[in-house]
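Listed below, chain by chain, are the residues.
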Amino acid sequence: MPAVLPPVSFDPARGVAELRTPNSLYALRVDADGSPRHLYWGPPLDRAALDTLPAPHSPARSSFEAEAAADELAPQSGARFGPAGLQVRFADGTRGAQWRPADHRITGGELRILLTDRHFPLAAELCYRVRPDSDVIERWTELRHTGGPGDGPITVDRLDSASWALPPLSDYRISHLVGGWNSEFQLLRDRLPVAETVLTSRRGLTGHHAGPWLALDDGSATEEHGEVWSTTLAWSGSWRITVHRDPVGRTTWTGGFGHEGLSWTLHPGERLTTPIFAGLHTSHGFGAASRAWHDHVRTHVLPDAAHDRPVVYNSWEATHFDVDHRGQLLLARRAAALGAELFVLDDGWFGARRHDRAGLGDWTPHPGAFPDGLRPLADEVHRLGMAFGLWVEPEMVNRDSDLYRAHPDWVVHSPTRTATELRHQLVLNFARPEVEAWALRTLDRLVRDNGVDWLKWDANRAFTEAAWPGRPDPDRLWIDHTRAVYRIMDRLRADHPHLRIEACAGGGGRVDLGILARTDQAWTSDNTDPVDRIAIQHGYSQLFPAATMAAWITDSPNGATGRATPLRFRAHVAMAGVLGLGGDLTAWSEDELAEAADLVARYKRIRPLVQRGRQYRLSAPDGVTAVHYAAADGAEHAVLVWRPATRFGHQPPALRLPALDAHTDYLDADTGRRYSGAVLRHRGIDLDLPSGDYASRLIHLRRHRP
Ligand code: GLA
């Protein structure tokens, strides 16, 4: 019997730390110069095998490369010429830390490597955490000014959460997410250039254009095969990840909060803690990497993954800013009849908000639209058996608002620069304690006074001219604003245990593991066109579980793309996530309403599979894609299949379902037809898609118990 090795260990004699997860080993070694360097990350090895690994220093090829090794957090000193994860300046102008031989501390699944500078009052802790049920390794850094009153400040130009390294591979490929408003989460998979590749957001928000997630492989991994290393940063403000493939064949990457050009000051006694940068290794392809992320997010990130996400009706696409009590009630009645469980009143209900040029910041019901306030609508929605939700955008303000008129100094601004308005709005500086306190007070009252069960928390612009007049360390707002958003959400949840929060930023502009630690789901994209959504959802699923992916059935033709699609196709695409409805139900025919009610009912039958099952992304020729959700115990399965366009004479081949058990028979839950698991795995299921474009199908299988 091989000895059971502890999840976290540090052997001072060898200077080697080991972090063991169920299917992987991560090892580092503290070298004689005090610097922790990367040793290994891959399938488990025993200690004897680990000891045969070469030292992390690669052999010097010349005097130009003597220290070319992968640091756990490169400190911008010595002969290191790659991107430094820690960049500091001391009061006398000296740059870069040099560490004393490190100490360490282990508590449960947590390891801390304790580093102190040889000369200056600076201490860093490189922190690692593993859990018995996850292959995810969580890493972060804590930096401390350990000096006294006489010591000058330390300037921090970059403080990454962690740096990561790959073993030498024959080639390197990067997968990451790019996009824009209405086209978030587009998966790109490209050969990694021999260069420093920077993925970043300078927007104060995670961003539509990029996301702090990546996967690396040697170019040969597929959905179900091959080694994949994947990392993601749990942060909802500006961020930066620099991937460095060097000319001699090594690849490392380092990342954390903030972007280039920002700096933060540490005074004696002060500490700066980074967000978590989490990583995982799998030997079983991109699908396994995603499933490991999904499990991790559900088990260790989301505040409450166990509850079924409700079927929402959201009025935005139906009424835009034209909201009033009567109109919303009409929609609420129709939505309830279709099976909606939550009614969300979107933008337009407050202040002077009849368009996007006024009212943001004034979170009291519009007197003309809601003469008796929101309570009567909330009560009626509750009577209809639905929860009541409200759209808010607490971090933003229109100049044309009572809030801005009262507190023009509350916005992120520079007195000598013209403030760029985006969507006619400015950003409130939540890093200011009085602004944070106002926001918490306002939201708390809103929830308390109006029977609000759900907040859709939006943020519709990036930061610009981001200064903080009068504050000696103004760049702190890039960190402290985001932390204040987190704190307010955490406080609201603690004080209103029934309250659920949906993350939104003009669609999917702020979705990451930081915001998901205090929200229940995210509004994936303002683009609800089902064809576009297939690609958006494919990218989203690389990291995030379906239980967080809000997806509505809306009107046809689609408001964003003008594309007309059948209701069934729209519904089948939206069923791959948290199904909702978002169209103008007053314009739907009786037939459409009946069909929609039936589709919602069908969704509720597969909801536990979609929201809590294991997800397998499938594709077949002729533009057919599918997503398979399997119950953890394998007893039940849902497969959603989509074919947006037909080609004459092409019938898609049978779709193989590799996640089924070859030794089991399955029954189609709708038709009762019996299938052999072996046939469905190895030969596939005939799709029998309806003819024409925008064909789709939901296949619901149950394990047959003779
Ligand atoms: C953003 C959101 C939309 C909607 C509008 C309201 O764009 O993503 O869903 O709430 O704001 O203005």
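Calculation notes
- Residues numbered from 1 in each chain as written.
- Predicted model: local features only at pLDDT ≥ 70, side-chain atom pairs only at ≥ 80, totals over all residues.
- Heavy atoms only, no water.
- Salt bridge = Lys/Arg side-chain N within 4 Å of Asp/Glu carboxyl O.
- Helix = DSSP H or I, 4+ residues; strand = E, 2+ residues; numbered from the N terminus.
- Buried < 20%, exposed > 50% of the residue type's maximum accessible area, 1.4 Å probe, protein only.
- Pairing = 2+ DSSP bridges.
- Axes fitted to C-alpha atoms, helices over the stretch in contact; angles between N-to-C directions.
- Contact = heavy atoms within 4.5 Å.
- Patch = residues over 30% accessible without salt bridge, like charges linked within 9 Å, V, L, I, M, F, W, Y side chains within 5 Å.
- Areas by Shrake-Rupley, 256 points an atom, 1.4 Å probe, with all protein chains shown as cover.
- Lys, Arg positive; Asp, Glu negative; His and termini not counted.
- Charge placed at Lys NZ, Arg CZ, Asp CG, Glu CD.
- Parallel < 35°, antiparallel > 145°, perpendicular 65-115°, else oblique.
- Nonpolar A, V, L, I, M, F, W, Y, C, P; charged D, E, K, R; others polar.
- Left-handed = near helix turned anticlockwise from the far one by under 90°.
- 1 Å grid on protein atoms, 1.4 Å probe; cavity = no way out; pocket = protein on both sides within 12 Å on 5 of 7 lines; lining within 4 Å.
- Points joined across faces, edges and corners; volume = space filled by probe spheres on them.
- Phe/Tyr/Trp six-rings, centres within 6.5 Å; stacked < 30°, edge-to-face > 60°.
- Lys NZ or Arg CZ within 6 Å of the ring centre and 35° of its normal.
- Near = heavy atom within 4 Å.
- Polar contact = N/O pair within 3.5 Å; in protein donor to acceptor, adjacent residues only side chain to side chain.
- Core = buried A, V, L, I, M, F, W, Y, C linked by side-chain atoms within 4.5 Å.

Asker: Quick one: what's the story with the pattern of salt bridges, residue by residue and with numbers?
Answerer: Per the stated rule, a full pass over the model turns up 62 salt bridges. Here Arg112 and Glu125 are joined by a salt bridge, their closest N and O atoms 2.5 Å apart. In this pair, Arg112 sits in strand E7 (residues 110–116) while Glu125 sits in strand E8 (residues 122–129), placing the two residues 13 residues apart along the sequence. According to the relative accessible area criterion, Arg112 is buried, its value standing at 12%. A salt bridge links Asp402 to Arg405; the nearest nitrogen and oxygen atoms lie 2.9 Å apart. Placement of the pair is Asp402 and Arg405 together in helix H6 (residues 402–406), with a separation of three residues, close to one helical turn. Pair check on accessibility: Asp402 and Arg405 agree, each one exposed. Three or more residues are tied together by salt bridges with common partners; here these are Arg105, Glu110, Arg112, Glu125, Arg129, Arg131, Glu138, Glu142, Arg144 and Arg271.

Asker: For the sheet that holds strand E22 (residues 312–314), give the residues involved together with the corresponding values.
Answerer: Strand order in the closed barrel made by the eight strands is E22-E23-E24-E27-E28-E29-E30-E31, with parallel pairing throughout. Taking the axes of each pair of neighbouring strands and ignoring which way they run, one obtains an average angle of 30 degrees across the sheet. Taken together, the four bridges between strand E27 (residues 454–457) and strand E28 (residues 500–503) define a ladder with parallel strand orientation. Bridge pairing links Leu455 to Ile501 in E28. Those strands touched by helix H4 (residues 325–338) are E22, strand E23 (342–345) and strand E31 (578–581), and its axis lies near 155 degrees from that of E23. Sheet strands touched by helix H8 (residues 477–495): E27 and E28. Its angle to E27, the strand with the most contacts, is close to 170 degrees.

Asker: Kindly report on a negative patch on the surface, identifying the contributing residues and their values.
Answerer: On the surface, a cluster of negative charge is made up of Glu590, Asp591, Glu595 and Asp598. Residue position: Glu590 is located in helix H11 (residues 590–612).

Asker: I'd like to hear about the packing of H4 against helix H5 (residues 375–383), residue by residue, with values.
Answerer: Taken N-terminus to C-terminus, the directions of H4 and H5 make an angle of 10 degrees; their axes are 10 Å apart at the nearest point. Here H5 runs roughly parallel to H4, going by the angle between their axes. Counted together, His325, Gln328, Leu329, Ala332 and Arg333 of H4 and Pro376, Leu377, Glu380 and Val381 of H5 form the full contact between these two elements. The class makeup of the residues in the contact of H4 with H5 is five nonpolar, two polar and two charged.

Asker: Kindly report on the packing of helix H7 (residues 433–450) against H8, identifying the contributing residues and their values.
Answerer: Two numbers describe how H7 lies on H8: the axes approach to 10 Å, and their chain directions differ by 30 degrees. Regarding the angle of H7 to H8, the classification is roughly parallel. For H7 against H8, the interelement crossing comes out right-handed. On the side of H7, the interface is formed by Glu436, Ala439, Leu440, Leu443 and Asp444, while H8 contributes Ala484, Arg487, Ile488, Arg491, Leu492 and Asp495. Taken together, the residues of the contact of H7 with H8 sort by class into six nonpolar, no polar and five charged.

Asker: Account for empty space enclosed by the protein, naming residues and giving values.
Answerer: Counted according to the given criterion, the structure contains six cavities of 30 Å³ or more. Considering only enclosed or pocket space, the largest cavity measures out at about 100 Å³ in volume. As for the largest cavity, its lining consists of 14 residues, of which Leu177, Phe185, Ala210, Gly211 and Val511 are closest to the centre. The biggest single contributor to the lining of the largest cavity is strand E15 (residues 210–217), with four residues. Here the lining of the largest cavity is built from residues that sort into eight nonpolar, five polar and one charged.

Asker: Pulling in residues and values, what's your account of the environment of Val412?
Answerer: Along the chain, Val412 turns up in the loop between H6 and strand E26 (425–427). With relative accessibility at 5%, the residue Val412 sits in the buried group.

Asker: Summarise the packing of aromatic side chains; cite the residues concerned and give the values.
Answerer: Going through the model one piece at a time under the given rule, you end up with 25 aromatic pairs. Relative to Phe120, the ring of Phe90 has its centre 3.9 Å away and its plane inclined at 5 degrees; by these criteria the two rings are stacked. One end of the pair, Phe90, is in the loop between strand E5 (86–89) and strand E6 (103–107); the other, Phe120, is in the loop between E7 and E8, and 30 residues separate them in sequence. Residue class for Phe90 comes out buried when judged on its relative accessible area of 4%. On the basis of an interplanar angle of 25 degrees and a centroid distance of 6.5 Å, the ring pair of Trp164 and Trp253 is categorised as stacked. Remark: Trp253 occurs in strand E18 (residues 251–257) and Trp164 occurs in strand E11 (residues 162–165); sequence separation between them is 89 residues. Here the aromatic cluster, defined as three or more aromatic residues joined through ring pairs, consists of Tyr26, Trp41, Tyr128, Trp164, Trp253 and Phe277. One residue, Arg189, lies across the ring of Phe286, its end atom 3.5 Å from the ring centre. Across from the ring centre of Trp468, 4.7 Å away, lies the NZ or CZ of Arg471, which sits over that ring.

Asker: Would you mind going over the site of the ligand in detail, with residue names and values included?
Answerer: Neighbouring the ligand are 13 residues, the closest being Asp346, Asp347, Lys456, Gly507 and Asp526. The contact in question runs from an oxygen atom of the ligand to an N or O atom on the side chain of Asp346, over 2.6 Å. Lys456 is positioned with one of its side-chain polar atoms (N or O) 2.7 Å from an oxygen atom of the ligand. Here the residues of the shell around the ligand sort into four nonpolar, three polar and six charged.

Asker: Residue-level account of the side chain of Arg240, with values.
Answerer: Residue position: Arg240 is located in strand E17 (residues 239–245). Lacking a salt bridge, the buried Arg240 has Glu260 as its closest oppositely charged neighbour, with an N-O distance of 4.9 Å. Filtering out sequence-adjacent residues up to four positions away, Arg240 remains in contact with Asp157, Arg158, Val198, Leu199, Thr200, Thr254, Gly255, Gly256, Gly258, His259 and Glu260.

Asker: Explain the layout of surface pockets to me, and be specific about the residues and the numbers.
Answerer: Its boundaries defined by the atoms lining it, the largest pocket holds a volume of some 620 Å³. Classifying every residue of the lining of the largest pocket by side-chain character gives twelve nonpolar, twelve polar and ten charged.

Asker: Go over unusual backbone geometry with me, naming the residues and quoting the values.
Answerer: Negative phi values dominate among residues other than glycine, just as trans dominates among peptide bonds. With an omega dihedral of -5 degrees, the bond running from Ser556 to Pro557 counts as a cis peptide bond. Its place among the elements puts Pro557 in the loop between strand E30 (549–553) and helix H10 (567–574). In the Ramachandran plot, Asp688 falls in the positive-phi region, its phi being about 45 degrees despite a non-glycine side chain. Take Asp688: it is sitting in the loop between helix H12 (677–682) and strand E37 (695–703). For Asp688, a relative accessible area of 59% translates into the label exposed.

Asker: Go over the nonpolar core with me, naming the residues and quoting the values.
Answerer: Core analysis: the biggest nonpolar cluster contains 177 residues, and Trp253, Phe343, Leu345 and Trp349 have the highest contact counts within it. The leading source of residues in this core is H8, at nine residues. Leave out the neighbours within four places in its chain, and Trp349 touches Val323, Trp363, Thr364, Pro365, His366, Phe370, Leu374, Leu390, Trp391, Val392 and Leu446. Counting residues in each nonpolar core, the second largest holds 20 residues, with Tyr666, Tyr675, Leu689 and Ala695 among its members.

Don't take any of this as a statement about function, it's just geometry.
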